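Coordinate inspection notes
Each chain, written out:
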Amino acid sequence: MLAETLVSDVLARAVRGGASFAEVYVERWKRRQLRVLNNDVKEATSGLENGAGVRLFYGTEVAYAYTNDLTHEGLLDVTDNLVRVKGQAGKVDPKGRGGLDFRKTASRGLHDPKVPFEEHPKPYRVERLREADAGARVAPEIRQVESYLQEWEQDVLVANSEGAWVEDRRVRTRLYVNAIAQENGAVQTGTAWEGLSVGLELFDRFPPREVGKRAGGQALTNLRARPAPAGTFPVVIGNAFGGVIFHEALGHLLETTSVAKKASVLSDMLGEEIASPAVTYIDDGTTAHAWGSSEFDDEGAPTRRTVLIERGILKSYMVDRWGSLLTGYKVTGSGRRQDYTFAPTSRMRNTFIAAGETPLDQLFAQVEFGLYTKEMRGGQVKPGSGEYNFGVQEAYLIRNGQIAEPVRGAMLVGKGPETIRRVVAVSSDLSTASGMCGSLSGSIPTEVGQPHVLVSAIVVGGEA
Amino acid sequence: MTQEEGRRYVLARAKERGIAAEVLTEMGRELTARSHQRKLEQITQAVRGGIGVRVVVDGRVGYAYSEELSSAALDWMLQEATDNSSLQAEASGFLPKSTAVTRKDMVGDSLRGSLEAKVQMAIGLEGTIREDPRVKQVLFASYAEREWDVAVTSTEGADGSYRRGIAGLMASMVMAEGESRKQGWDDEWATSVATLEPGRTALEFTERTGRLLGAKPLTTGRYRAYIEPKAFGSILAAFTPLWNSKNVVERKSPLADRIGETIASSLVTIVDDPTLPEGLAGRPIDAEGTPGRRTVLVDRGVLRSYLTNSETARALGVENTGHAWRSYRGIVWVAPSNFFMAPGAGVTLSEGVIVAEVLGLHAGTNTVTGDFSVQALGLKVEDGRVAYPVENFAIAGNFLSLLKDITAVGNELKWEYGMRMAYGTPMVEVRELSFAGA
């Protein structure tokens, strides 16, 4: 992607200027997006993105620059500028004379697509989205269906002054369906989506008609639903995307981005019991073809499976290079960024609550009156106070241990450290789902997951 | 090649092939200086730009873009856009007929200043934040400036460009008092470096979060709500898609077919004005080269207009308000510029809850129905005074019902900024809102 001599020159220039560590990140994206509304293509777009980020460490101080200008002069200019900003503050290293002996590593193709994008023409995609559209029309009340397809191909090169040279390729595909149901002036919506690190075989793994059907069914359910109650109740959180609650309430609190500055309520707690013993929480960047997987992270470290919490005990944080420098914890291959315009920070990959032992019916049986959140939307957290929220897309009341009538429009709110202690039971039906996670280093693909989980008390933001 | 050469190259190639094309280029610059422990911790300096094309072939529209300005990449881009256009069934697409507009430099000297002075602003911001003994950690304290140069040209006569920039201060800190912990996450933007005041801004940030320490649970119920500008600005921002004519045309807005109807309290006037001198998101032209102008959307409660671009204006049979929005990487859409609710006579506190901050808007709002349920932080008001802070609750309702239930509007406008759009609101008093808590 970039000549070895140029990369070597940039790194040498930086080290000679006093940087204690230098890294070049080069990236090339090809993206395509297609939107079909009520069976017709509304917009189709394609794009090339191409840029580089140069990151220099001066001890624990960081200087970052990015540019689209990948010429020799362009990159050296950017590097010289950064060095100038630091005013040669660091120690000048006479060894930084270029000619680094790179240890070259390339990805092994663990997540390579089985059906590459070029294998089918564009109209093939339109047909698949039309299947999603047809699938969503489960009843005459479904008036509008919108479906999206996103195709991403990302080639990455990371090289650094320690001699690492890593090339990785990530291919991702995502299908998204929105349905709008209408009856007597009332309007409700339903959504369903699937995303994986695959090519067009996404349509084989998740037939578009089925994804559409879920969106349509949900819109119809919400049309029949009455507003959710307001107050504090026991909640059974659905599996798969239900994992977003722990992504917010727990995951973000374990990233060194916050932990290193003690700006997380879970800083300095390794080895302590921080969650209910029913909780084992894992972040695994290696799962084949998972939405948040890659062979290397965006700092060139191999991704791995990191057990964060084992039976309630905190075992590890998610650590990037800078976080490691600040805390002394070992790097976990968690350095991620949206693209070359962001310096990496520690982020989640595919994060999930491990399967438990409680049979599903026994989970519900423990609830006399509460909420069952079957499908979730996104959420948010403040790591420093642990206050989090997440939106509910499809929910039901639980009455006397049974799933009862549907309710809509609830947001769940709470404090993470409290909520994870209130996990009463974890079922065994672990499943995962794709999401986009936003934080200091931008918006990145992450997977969340869990089996059905019972929490004894969460604030439900329905109508009082 | 340069961006200008790139635009000319693409238009020439399009003309050769008899294709109508519109080209938008953008060059963005970023400077961010982050302070930690009163020292420069991270500095980011950058430029990023690219070129995007919209083509119309036999009435069918296609898009593509590239950050690489080689002839090979631009040929690929034009071919992809043409291929993409062939997927469209509708054949009524067009590029607006347009004329040249004089280039406007809105940056001038406004971002001038030494790097050292800008770094010192971040350090000064953090320093003052840390002077508050309740501040336990500062996650970051930054100075940031953004500048972008946009140009639009088309085979149909569009030809305009402008340069725009802003500067801001932002910080996140953890504050504690006893067992209570709160994290602030604030920013403050201005049209020039000179008007930024790190000291005053730091005090505002710590005051905003500090007053929430020692919060008590709030009993579930219906209360009168006093929604502060920061909170109401983010709610308003989340619901601007209601005025987006693209959603109106596609039947995804609850405001469809309601022009002339009363949709809000008579105290509510909502305007979008890209020409506002103090606006953080002003621009002389939109993404199609149409000159910007002031548009009254809601006049004393009555819905007067949507935000439109050439395509949606034609579909709805209304005037084009000049709100086409596009980044070179995206498609032509519709978006506000300086979007604000006009200030009113003022709000007097009596009984209820001040909503100081709302969270989770991306997950808790539905722009198709207008429904919302979002996490909130606030202060209980008793006997006309702030009694104590409250936490761990959510507010819920429908945005259009909320607009109808507004009983008073504050007299001071405050601006929130994000994604090259600015949202201004005063405080609003809402007769009654649903609060879910303990």
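First, a word on scope: everything that follows refers to the structure included in this document. Fair warning: this is a prediction, and the values are worked out from it, not measured in the lab.

How each quantity is defined
Residues numbered from 1 in each chain as written. Chains lettered and ligands numbered in written order. Predicted model: local features only at pLDDT ≥ 70, side-chain atom pairs only at ≥ 80, totals over all residues. Helix = DSSP H or I, 4+ residues; strand = E, 2+ residues; numbered from the N terminus. Rg over C-alpha atoms; globule rule 2.2 N^0.38 Å. Buried ≥ 20, exposed ≤ 12 C-beta atoms within 10 Å, placed from the backbone. Contact = placed C-beta atoms within 7 Å. Core = buried A, V, L, I, M, F, W, Y, C linked by C-beta atoms within 7 Å. Pairing = 2+ DSSP bridges.

Within chain A one finds 10 helices and 23 strands. In terms of overall dimensions, chain A is globule-like: its C-alpha atoms have a radius of gyration of 24 Å, near the 23 Å expected for 464 residues. With respect to the three principal axes, the spread of C-alpha positions in chain A is 75 × 55 × 35 Å. Buried positions account for 60% of the 464 residues belonging to chain A. Sequence separation of 24 or more characterises 75% of the internal contacts of chain A that already satisfy a separation of 6 or more.

A few words now on the nonpolar core. Soluble globular proteins tend to bury their nonpolar side chains together. In this structure, Val177 of chain A together with Val355 of chain B are the most contacted members of the largest nonpolar core, which totals 268 residues. In terms of residue count, the dominant contributor to this core is strand 5 (residues 135-154) of chain B (11 residues). The contacts of Val177 of chain A, once residues within four sequence positions are left out, are Ala132, Ala136, Val145, Ser147, Thr191, Ala192, Trp193, Val211, Gly212 and Ala215 of chain A.

Before going further, it helps to spend a moment on the sheet that holds strand 10 (residues 270-272) of chain B. The 6 strands lie next to each other as 12-11-10-15-21-20 (chain B), forming an open sheet whose pairing is mixed. Of all the strands in the sheet, just strand 12 (302-303) and strand 20 (414-418) of chain B have a single pairing partner and so form its edges.

What follows concerns the pairing of strand 2 (residues 40-58) of chain A. Residue and element names in this part refer to chain A. Buried residues dominate strand 2, accounting for 17 of its 19 residues. Pairing of strand 1 (residues 21-37) with strand 2, which is carried by 17 bridges, proceeds in the antiparallel orientation. Paired with Glu23 across the bridge in strand 2 is Arg55. Linkage of strand 1 to strand 2, two consecutive antiparallel strands, is achieved through a turn of 2 residues, within which Asn38 is found at a positive phi near 45 degrees. Sheet analysis places strand 2 next to strand 3 (residues 61-67), joined by 7 bridges and oriented antiparallel. Each bridged residue has a counterpart across the sheet, and for Gly53 the counterpart in strand 3 is Tyr66. Linkage of strand 2 to strand 3, two consecutive antiparallel strands, is achieved through a turn of 2 residues, within which Gly59 is found at a positive phi near 65 degrees.

Treat this as a map of the structure, not an account of what it does.
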